[in-house]
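Now for the letters of each chain:
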Amino acid sequence: MEHPYGYIKDDKVYLKGFLNQEDRVIGEVKESEASTIKYFEDRFELAKKKVADLKQDIEDNQNKGSFLMKLIHLREALMKYDALGDFIPLIEELNEQEESLNVIIQSNRERNYEIKEALIQEAEELMHDTDWKETSEKFRDIKLRWIKTGPVDPEHKEEIDRRFKNALDTFYESRTNFFEGLALQAEQNIVVYEALVEQAKEAYNMHDVKQAFEISKKIQKQWKESGKVPAERRQPLWDEFSRLNNKIFGRYKRTMQSKQQLRPFEVVKKIEQLAQSMRDLSLGITNPEKISKAKRLQAEFKALPPKKPREAQQYSRLFVFFTDIVFEKSFLHKLARSKYDNYYDLSETEQNQIKINILKDLINTDEKELSTVKENSEKFRSQESDFETMLYRKISTYKRKLDVKNHILKELSNN
């Protein structure tokens, strides 16, 4: 049976070759030749719809360049697609769309180049400025705008990055040399006191109450050992410093009291709630807000009594497992972003596939390392209890790492 774009021979359905491709088998006759032909014609309509949908998506979105890889993948798929119809117009349509996207991408890169050139000039005009505080703020703003600006042509990237880095290095090296060369001891002491106040602020903002308290004790000792400065300059710093440390101590005291007051069933309930909250954070894409919340949950968990009831063990394990998922997802996102400069230009499906490939490599590495640990444990087994405990913990850690990665892999694969 003949068809404008194919034929049936020996109960096999052939698609006629196009664009230098040979005739190829795309299926076989099932019920009847007519119904089989209809089936493959309907499949071609699906292919046309995919092309039309992609074209519409490109028209509707501002970030058109992000569809380039999706277009290329669709065109490759059409060359192997099992259907009966005229594929050439579809391929030509995608080729035209690709040319249009390349023009847009090139235009964006040229605009990015102009922006970065302007930022370099701005940085070069400031790099010898000695108003350290104000100029440091300006450089922070310049670096932020640089980061937010998209990529330039690869042929310009190395040179433009080098010039920008040179301007920044010149300023920061000069600033460092200035502070290192301060002649007046009083000014050096002021810097020390200001730094201690900043450390007190950082400690106050910590979620780990015990660690904040330890830092507070250390910096109070450093304050006492610091040199003399005029009273009118020292007093405002001391007022702020003592206020922060008093709050840190008060919070630490309340936390210690709450540890003693919690009854066993309250500890179990609290850990159950923390595990559920961490599970909620582990779902979907991890972002800075989720990481911040996860750290707060960790601080709450650490603030609980070290010796927990037996009934809380399962919830504690769940809490640790979902915590690992949150931070593993964050690490995976950073790794994917560092490996692909155009990561944010890709579709969500393509981004997921990148993460899946990275995860598979990481899982393979972990499995090999776990296998090596097990083999070595058999060769060098010791009768000492400490050795057995250490070995058990090491193997358990590898297994948990694998469980976490496989959990994320399953989630990504189902998206």
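Residues numbered from 1 in each chain as written. Predicted model: local features only at pLDDT ≥ 70, side-chain atom pairs only at ≥ 80, totals over all residues. Heavy atoms only, no water.

### Focus: the overall build of the chain
Here is step 1 of the chain: Across its full length, the chain carries 13 helices and four strands.
Here is step 2 of the chain: Compactness check: the chain gives a C-alpha radius of gyration of 31 Å against a globular reference of 22 Å for 415 residues, more than 25% above the reference.
Here is step 3 of the chain: With respect to the three principal axes, the spread of C-alpha positions in the chain is 100 × 65 × 45 Å.
Here is step 4 of the chain: Put simply, the chain has 415 residues, and 35% of those count as buried.
Here is step 5 of the chain: Taking as baseline every contact in the chain between residues at least 6 positions apart, the subset at least 24 positions apart corresponds to 69%.
Here is step 6 of the chain: For the chain, the accessible area works out to roughly 26400 Å², and carbon and sulfur atoms hold 50% of it. (Helix = DSSP H or I, 4+ residues; strand = E, 2+ residues; numbered from the N terminus. Rg over C-alpha atoms; globule rule 2.2 N^0.38 Å. Buried < 20%, exposed > 50% of the residue type's maximum accessible area, 1.4 Å probe, protein only. Contact = heavy atoms within 4.5 Å. Areas by Shrake-Rupley, 256 points an atom, 1.4 Å probe, with all protein chains shown as cover.)

### A look at the packing of aromatic side chains
Here is step 1 of the chain: Under the definition given, this model contains 19 aromatic pairs.
Here is step 2 of the chain: Seen in terms of ring centroids, tyrosine 7 and tyrosine 14 are 5.0 Å apart; in terms of plane orientation they differ by 10°. Their pairing is stacked.
Here is step 3 of the chain: Among the residues examined, tyrosine 7 registers a relative accessible area of 18% and is labelled buried.
Here is step 4 of the chain: Plain terms: the ring middles of phenylalanine 44 and phenylalanine 87 are 5.1 Å apart, the flat faces sit at 80° to each other, and that makes the pair edge-to-face. Note that phenylalanine 44 is positioned in helix α1 (residues 33-60) and phenylalanine 87 in helix α3 (residues 87-126), a separation of 43 residues in sequence.
Here is step 5 of the chain: The exposure class of phenylalanine 87 is buried, given its relative accessible area of 1%. (Phe/Tyr/Trp six-rings, centres within 6.5 Å; stacked < 30°, edge-to-face > 60°.)

### Description of helix α2 (residues 68-78)
Residues separated by three or four positions in an α-helix point in the same direction, a consequence of the helix having 3.6 residues per turn.
Here is step 1 of the chain: Of all the residues in α2, the buried ones are Leu68, Leu71, Ile72, Leu74, Arg75 and Leu78. Taken end-on, α2 shows its buried residues confined to a sector of 165°, consistent with a single buried face.
Here is step 2 of the chain: On its buried face, α2 is in contact with α1 and α3. (Arc of directions from axis to C-beta.)

### Structural notes on the layout of surface pockets
Here is step 1 of the chain: Counted as a void, the largest pocket has a volume near 960 Å³.
Here is step 2 of the chain: Lining the largest pocket are 31 residues, and of these Gly150, Pro151, Asp341, Asn342 and Asp345 sit closest to its centre.
Here is step 3 of the chain: Among the elements of the structure, α2, α3, α4 (132-148) and α5 (154-180) are those that each provide at least two residues to the lining of the largest pocket.
Here is step 4 of the chain: At eight residues, α3 tops the list of elements feeding residues into the lining of the largest pocket.
Here is step 5 of the chain: Of the residues in the lining of the largest pocket, the class split is 13 nonpolar, nine polar and nine charged. (1 Å grid on protein atoms, 1.4 Å probe; cavity = no way out; pocket = protein on both sides within 12 Å on 5 of 7 lines; lining within 4 Å. Points joined across faces, edges and corners; volume = space filled by probe spheres on them. Nonpolar A, V, L, I, M, F, W, Y, C, P; charged D, E, K, R; others polar.)

### Section: the pairing of strand β2 (residues 6-9)
Here is step 1 of the chain: Two strands pair when backbone bridges link them, and strand β1 (residues 2-3) and β2 are joined in this way by two bridges, in the antiparallel orientation. Following the sheet pairing, glutamate 2 is matched in β2 by tyrosine 7.
Here is step 2 of the chain: As judged from the four bridges shared by β2 and strand β3 (residues 12-15), these two strands associate in the antiparallel manner. Note that in β3 the partner of isoleucine 8 across the bridge is valine 13.
Here is step 3 of the chain: In this structure, the hairpin formed by β2 and β3 is closed by a connection of two residues, where aspartate 10 is found at a positive phi of approximately 55°. (Pairing = 2+ DSSP bridges.)

### A word on the sheet that holds β1
Here is step 1 of the chain: As summarised here, the arrangement of the four strands in space is β1-β2-β3-β4, forming an open sheet in which the pairing is antiparallel. Each edge of the open sheet carries a strand with a single partner, namely β1 and β4 (24-28).
Here is step 2 of the chain: α1 contacts β1, β2, β3 and β4 of the sheet and is inclined by roughly 120° relative to β4. (Axes fitted to C-alpha atoms, helices over the stretch in contact; angles between N-to-C directions.)

### Some thoughts on the side chain of glutamate 328
Here is step 1 of the chain: With respect to the helices and strands, the residue glutamate 328 is situated in helix α11 (residues 313-339).
Here is step 2 of the chain: Take glutamate 328: its relative accessible area is 15%, and that puts it in the buried class.
Here is step 3 of the chain: Filtering out sequence-adjacent residues up to four positions away, glutamate 328 remains in contact with Leu362, Val404, Lys405 and Ile408.

### Observations concerning the nonpolar core
Here is step 1 of the chain: Grouped together as the largest cluster of nonpolar side chains are 37 residues, with contacts concentrated most on Met278, Phe319 and Ile408.
Here is step 2 of the chain: Among the elements of the structure, α9 (264-282), α10 (288-302), α11, α12 (348-379) and α13 (385-414) are those that each provide at least two residues to this core.
Here is step 3 of the chain: In contact with isoleucine 408, not counting residues within four places along its chain, are Ile325, Glu328, Lys329, Leu332 and Leu359. (Core = buried A, V, L, I, M, F, W, Y, C linked by side-chain atoms within 4.5 Å.)

### Some details on the packing of α3 against α4
Here is step 1 of the chain: Closest axis-to-axis distance for the α3/α4 pair is 10 Å, and the angle between their directions is 165°. By the angle between their directions, the pair α3 and α4 is classed as roughly antiparallel. Where α3 crosses over α4, the handedness of that crossing is left-handed. Note on element contacts: α4 touches α3 through Thr135, Lys138, Phe139, Ile142, Arg145 and Trp146, opposite Lys116, Leu119, Ile120, Glu122, Ala123 and Leu126.
Here is step 2 of the chain: By residue class, the composition of the contact of α3 with α4 is seven nonpolar, one polar and four charged. (Parallel < 35°, antiparallel > 145°, perpendicular 65-115°, else oblique. Left-handed = near helix turned anticlockwise from the far one by under 90°.)

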